[in-house]
Amino acid sequence: LIIGAVLVVLGFTIFAIIMTVNHWDFSRLSTVKYVTNTHSFSEAVTDISIKTATADILFALSEDDSCKVVCHEQENLLHTVALQDGTLTIRQTDERKWYDYVGISFGSTKITLYLPQSIYGMLTVGASTGNVTLPKEFGFESMEISITTGDIRTSASVSGIAKLKTSTGDIRV
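Residues numbered from 1 in each chain as written. Predicted model: local features only at pLDDT ≥ 70, side-chain atom pairs only at ≥ 80, totals over all residues. Heavy atoms only, no water.

Peer 1: Quick question: what am I supposed to make of the overall build of the protein here?
Peer 2: Looking only at helices and strands, the protein features one helix and 14 strands. For the protein, whose C-alpha radius of gyration is 21 Å, the value lies well above the compact-globule estimate of 16 Å for 173 residues. Based on the C-alpha atoms only, the size of the protein along its principal axes is roughly 70 × 30 × 30 Å. Looking at the protein as a whole, 32% of its 173 residues qualify as buried. Of the contacts formed within the protein by residues at least 6 apart in sequence, a portion of 53% connects residues at least 24 apart. Carbon and sulfur atoms form 57% of the exposed surface of the protein, whose accessible area is close to 10500 Å². Between the averaged position of the 13 positive side-chain charges in the protein and that of its 18 negative side-chain charges there is a distance of 7 Å. (Helix = DSSP H or I, 4+ residues; strand = E, 2+ residues; numbered from the N terminus. Rg over C-alpha atoms; globule rule 2.2 N^0.38 Å. Buried < 20%, exposed > 50% of the residue type's maximum accessible area, 1.4 Å probe, protein only. Contact = heavy atoms within 4.5 Å. Areas by Shrake-Rupley, 256 points an atom, 1.4 Å probe, with all protein chains shown as cover. Lys, Arg positive; Asp, Glu negative; His and termini not counted. Charge placed at Lys NZ, Arg CZ, Asp CG, Glu CD.)

As structure tokens, this is what we get:
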């Protein structure tokens with residue numbers, strides 16, 4: 001019991017010293033590196049399709065009438081962003097090795113779409129973990145959002161069918 005108690009006190013002491021050196025900033029202990037990638041488009045967007053594993057998705061009205069997608073993401077778990085035939089497609093590409101799954105992360109992945117117009121065709125979002133936020137400035141002909149773990153907050157209008165689904169999260173419409 002004495003050896004166990006000494007080891008516990010020693011562990012707490014080492015932890016306190018390391019955290020004091022890092023100014024109690026837990027994010028400095030993270031083994032995951034994050035990058036921010038910006039994708040801009042000059043063509044018009046009609047439909048939006050997003051498929052990701054873990055990302056918060058936020059829509060915002062563009063101030064300069066340009067279409068821009070800003071992805072704050074892990075450097076080895078990037079998103080591909082493409083605009084083809086009016087459909088903006090965002091997909092997550094997982095090129096991690098087995099050892100990249102082991103680590104400590106205090107950050108989060110976030111996709112922000114800055115869109116110039118307010119009315120769009122079809123919106124399709126599929127995600128495992130993350131929140132989706134749609135402000136009232138946007139409108140869609142149809143909307144299908146399916147999230148396993150996360151919240152859906154939308155004030156956007158839908159002229160057709162809206163399908164919103166989350167397994168463990170809140171839906172606010």
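Peer 1: Explanation requested: the packing of aromatic side chains in the structure shown.
Peer 2: The geometry of an aromatic ring pair is captured by two quantities: the separation of the ring centres and the angle between the planes. Applying the stated criterion to the full structure yields five aromatic pairs. When the ring of Phe15 is compared with that of Trp24, the centres are 6.0 Å apart and the planes differ by 80 degrees; the resulting orientation is edge-to-face. Taken together, a centroid distance of 6.3 Å and an interplanar angle of 35 degrees make the contact between Tyr120 and Phe138 tilted. Separated by 18 residues along the polypeptide, Tyr120 in strand β8 (residues 119–129) and Phe138 in the loop between β9 (132–134) and β10 (139–149) bring together distant segments of the chain. Using a relative accessible area of 3% as the deciding quantity, one classes Tyr120 as buried. Classification of Phe138 as buried rests on a relative accessible area of 1%. One aromatic cluster is present, formed by Phe59, Tyr120, Phe138 and Phe140 through successive ring pairs. Over the ring of Tyr114 we find Lys68, and its NZ or CZ is 5.1 Å from the ring centre. (Phe/Tyr/Trp six-rings, centres within 6.5 Å; stacked < 30°, edge-to-face > 60°. Lys NZ or Arg CZ within 6 Å of the ring centre and 35° of its normal.)

Peer 1: Teacher, can you tell me more about the pairing of strand β6 (residues 87–94) here?
Peer 2: A regular strand places its side chains so that they alternate between the two faces of the sheet. Across five bridges, the pairing between strand β2 (residues 47–54) and β6 is parallel. Its bridge partner being in β6, Ile50 is matched across the sheet by Ile90. Relative to β6, strand β5 (residues 77–84) runs antiparallel, the two sharing eight bridges. Directly across from Leu78, in β6, lies its bridge partner Thr93. (Pairing = 2+ DSSP bridges.)

Peer 1: Sorry if this is basic, but what is going on with the nonpolar core here?
Peer 2: Soluble globular proteins: nonpolar side chains tend toward being buried together. Ile48, Phe59, Leu88, Leu113, Leu123, Phe140 and Ile145 are the most contacted members of the largest nonpolar core, which has 30 residues in total. Residues within four places of Ile145 in sequence aside, it is in contact with Leu123, Val125, Val132, Leu134, Ile152, Lys163, Leu164 and Lys165. (Core = buried A, V, L, I, M, F, W, Y, C linked by side-chain atoms within 4.5 Å.)

Peer 1: Hey, could you run me through the sheet that holds strand β4 (residues 67–74) in this one?
Peer 2: What links the strands of a sheet is backbone hydrogen bonding, and the strands pair in either a parallel or an antiparallel sense. On the basis of which strands lie adjacent, the open sheet formed by seven strands has the order β1-β4-β7-β3-β9-β11-β14 and mixed pairing. A single partner strand is all that each edge strand has here, and the edge strands are β1 (34–41) and β14 (171–172).

Peer 1: Help me understand the environment of Thr52, please; the structure alone is not making it clear to me.
Peer 2: Along the chain, Thr52 falls in strand β2. For the pair Thr52 and Phe12, spaced 40 residues apart in sequence, the C-alpha to C-alpha distance is 38 Å. In contact with Thr52, not counting residues within four places along its chain, are Ile57, His79, Gln92, Gly126, Ala127 and Ser128. Polar contacts involving the side chain of Thr52 include one to the side chain of Gln92, which spans 3.4 Å. (Polar contact = N/O pair within 3.5 Å; in protein donor to acceptor, adjacent residues only side chain to side chain.)

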